[in-house]
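Breakdown of the fold
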Amino acid sequence: MYLDQSISVVDFVNAISETVDLVSPIINDHHKKVAYVASSIAQEMKLPNAEIQDIVLGAVLHDIGAFSLSEHIKTQSNHYLEAEHDNHPFLGAELLRDFAPLSNAAELIRYHHDEYSTSGDSIPIGSHVIHLADRAVVLLNECNYRGETFEQVPTMMKELSLRNGSFHPLAFKALGQLSKREYLWIEVSSPSLAFNSFLYNRVPFTKEITSLDTLYDFAKIISHIIDFRSRFTATHSSGVAAVATELCKLAGFSERDCRLMEIAGLLHDLGKISVPNDILEKKGSLDTREYNTIKKHTYYTYAVLNRIKGLESIAAWAAHHHERADGNGYPFHIKGKDFSKLARVMAVADVMTALTEDRPYRDGMNREEAIQTLFSMAETGAIDKQTVSLVYNNFSHVNNVRSLAQRKARKEYERFMNMDNYCPTERKAPSRVQKGSSYPRLACTA
């Protein structure tokens, strides 16, 4: 089945990157800046447009394999040892490699911390471009605390030149030429403006999602990015998607609506990418601040998905899973007819999955316990009575569908986590730097 309108891959990728940036102001806009600098280098090198598209997509998602805030912060430090065994490039590539529109970008991500002195031309030139852009942005950010961006560029270039054996010579030459153009560095300091004006207007993006099957494949990847950040949530989105789809079928919705609902289920917790792991994995009760942080996730899910043309319905079904028919849900407090039937189904699917799935700290509820809790919530207006009746009349079937989907997701999670226990390639430390030391600290000019 085809979508009513095609969806731009770069729009979707950019939305995911912005969600990741919400984790902390420390990493805010880092990926956009790297994408802007990388695309500028690639254009200066006169690389083909197809390669530039992949470089931009790879740059925007280059740290997607870093699941925690501490990992993100580590990669954005001038003290980061690119030569040490770090699996986030490999894990990021593994997340994306099976999705055809991002398969080339995945390979660029895989090697984006490999140094030219050790890898040479054995890896894609786009990886070298992203590597250089990433290090340039990190160094420039450290300088920005001391003065205007383009005033710090000479210092940045001096520090990079001390390590230029780490970088592709043609890419480094291109960056040297770009370093003299003040406008570029002014735009780097305004990444939203730069990303929109430069990347959208000067780089023609042709990669699009046109079918429901392709959109599902992408949503599945995103659900892994959402869920694999924590063992507590590793299979949740898969469970919700399976339950929501089955309830839609039982309610008599069309095959198309059921497929869209499955996609919405995979994406319903997209905003949780913005929630720190220490909150997701807290075993005790959340305090007020932590609970308020969690409550923001539904808004971020809506804000991210609704801005992508063609996903407006999915955005509402996915993001309204904590709304209530009486208007006492969050974050929009919608009620009555504004709380659509499919959004109500999603809300029940989310609750049923949460009640019946196993968590590391407890087993899932049995049928009697889950049904009692669902009916109690329905009586208070928290969830839809008609949908709860569907669950009651078909509990064993729906729960089996949920369990099967989550067992499959658990295997995928365990396979992925096992990848994190080894480094797929041996990387030698640069000759200038002894393993265990750090690169010279940037001496910013006043």
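Note that the structure is predicted; figures quoted are calculated from it, not measured. (Residues numbered from 1 in each chain as written. Predicted model: local features only at pLDDT ≥ 70, side-chain atom pairs only at ≥ 80, totals over all residues. Heavy atoms only, no water.)

1. Things to note about the overall build of the protein
Looking only at helices and strands, one finds 22 helices and 2 strands in the protein. Relative to its full complement of 446 residues, the protein shows a buried share of 57%. If you sum the accessible surface of the protein, you get close to 18,700 Å²; carbon and sulfur atoms cover 49% of it. (Helix = DSSP H or I, 4+ residues; strand = E, 2+ residues; numbered from the N terminus. Buried < 20%, exposed > 50% of the residue type's maximum accessible area, 1.4 Å probe, protein only. Areas by Shrake-Rupley, 256 points an atom, 1.4 Å probe, with all protein chains shown as cover.)

2. Focus on the packing of helix α3 (residues 49-60) against helix α6 (residues 103-110)
Two elements in contact, α3 and α6, have axes whose closest approach is 8 Å; the angle formed by their N-to-C orientations is 60°. By the angle between their directions, the pair α3 and α6 is classed as oblique. Handedness of the crossing formed by α3 with α6: right-handed. For the pair α3 and α6, the contacting residues are D54, I55, L57 and G58 in the first and N104, A105, L108 and I109 in the second. (Axes fitted to C-alpha atoms, helices over the stretch in contact; angles between N-to-C directions. Parallel < 35°, antiparallel > 145°, perpendicular 65-115°, else oblique. Left-handed = near helix turned anticlockwise from the far one by under 90°. Contact = heavy atoms within 4.5 Å.)

3. Points about the state of the cysteines
For the coordinates displayed, the defined rule picks out 0 disulfides. Here C258 stays free of any disulfide, with the sulfur of C248 as its closest cysteine sulfur at 4.9 Å. (Disulfide = S-S within 2.5 Å.)

4. Side note on the packing of helix α17 (residues 288-306) against helix α18 (residues 312-319)
For the pair α17 and α18, interaxial distance at closest approach is 8 Å and the crossing angle is 175°. The orientation of α17 relative to α18 falls into the category roughly antiparallel. From α17, T298, T301, Y302, L305 and N306 reach across to α18, where they touch E312, I314, A315, A316, A318 and A319. A class-by-class count of the residues in the contact of α17 with α18 yields 7 nonpolar, 3 polar and 1 charged. (Nonpolar A, V, L, I, M, F, W, Y, C, P; charged D, E, K, R; others polar.)

5. Here we look at unusual backbone geometry
Cis geometry marks the peptide bond from Y330 to P331; its omega dihedral reads 5°. Structurally, the position occupied by P331 is in the loop between α18 and α19 (341-356). Here K46, not a glycine, exhibits a phi torsion of approximately 60°, which is positive. Structurally, K46 can be placed in the loop between α2 (30-44) and α3. Non-glycine residue H333 carries a positive phi angle of around 55°. Its location among the elements puts H333 in the loop between α18 and α19. H333 gets classed as partly exposed once you look at its relative accessible area, which sits at 47%.

6. Let's talk about the environment of N399
Tracing the backbone through its elements, the reader meets N399 in helix α22 (residues 395-419). In the structure, N399 is positioned 32 residues away from R367 in sequence and 8.8 Å away in space, judged by C-alpha atoms. Beyond its immediate stretch of four places on either side in the chain, N399 contacts M352 and T356.

7. Re the pattern of salt bridges
For the coordinates displayed, the defined rule picks out 18 salt bridges. Linking D98 and R97 is a salt bridge whose minimum nitrogen-to-oxygen distance equals 3.4 Å. The salt bridge partner of R324 is D326, with a shortest N-O separation of 2.7 Å. By relative accessible area, D326 is classed as partly exposed at 31%. Members of the salt-bridge network, linked through shared partners, are E94, R97, D98, E107 and R110. (Salt bridge = Lys/Arg side-chain N within 4 Å of Asp/Glu carboxyl O.)

8. Things to note about the side chain of T233
Relative to the helices and strands, T233 is located in the loop between α13 (212-227) and α14 (236-250). Sequence-distant contacts of T233, defined by excluding residues within four places in its chain, comprise I226 and D227.

9. A look at the confidence of the model for the protein
Of the residues in the protein, 85% have a pLDDT of 70 or more, and the chain-wide mean is 85. Of the regions scoring below 50 in pLDDT, residues 425-446 engages in 58 contacts with residues more than four places distant in sequence or in other chains. (pLDDT = per-residue confidence, 0-100.)

10. Remarks on α3
With 12 residues, α3 should cover 16 Å at 1.5 Å per step; its first-to-last C-alpha distance of 16 Å lies within 8% of that length. With respect to burial, α3 is a largely interior element, 9 of its 12 residues being buried. Turning to α3, its buried residues number three or more, namely I52, Q53, D54, I55, V56, L57, G58, A59 and V60. (Expected span 1.5 Å × (residues − 1).)

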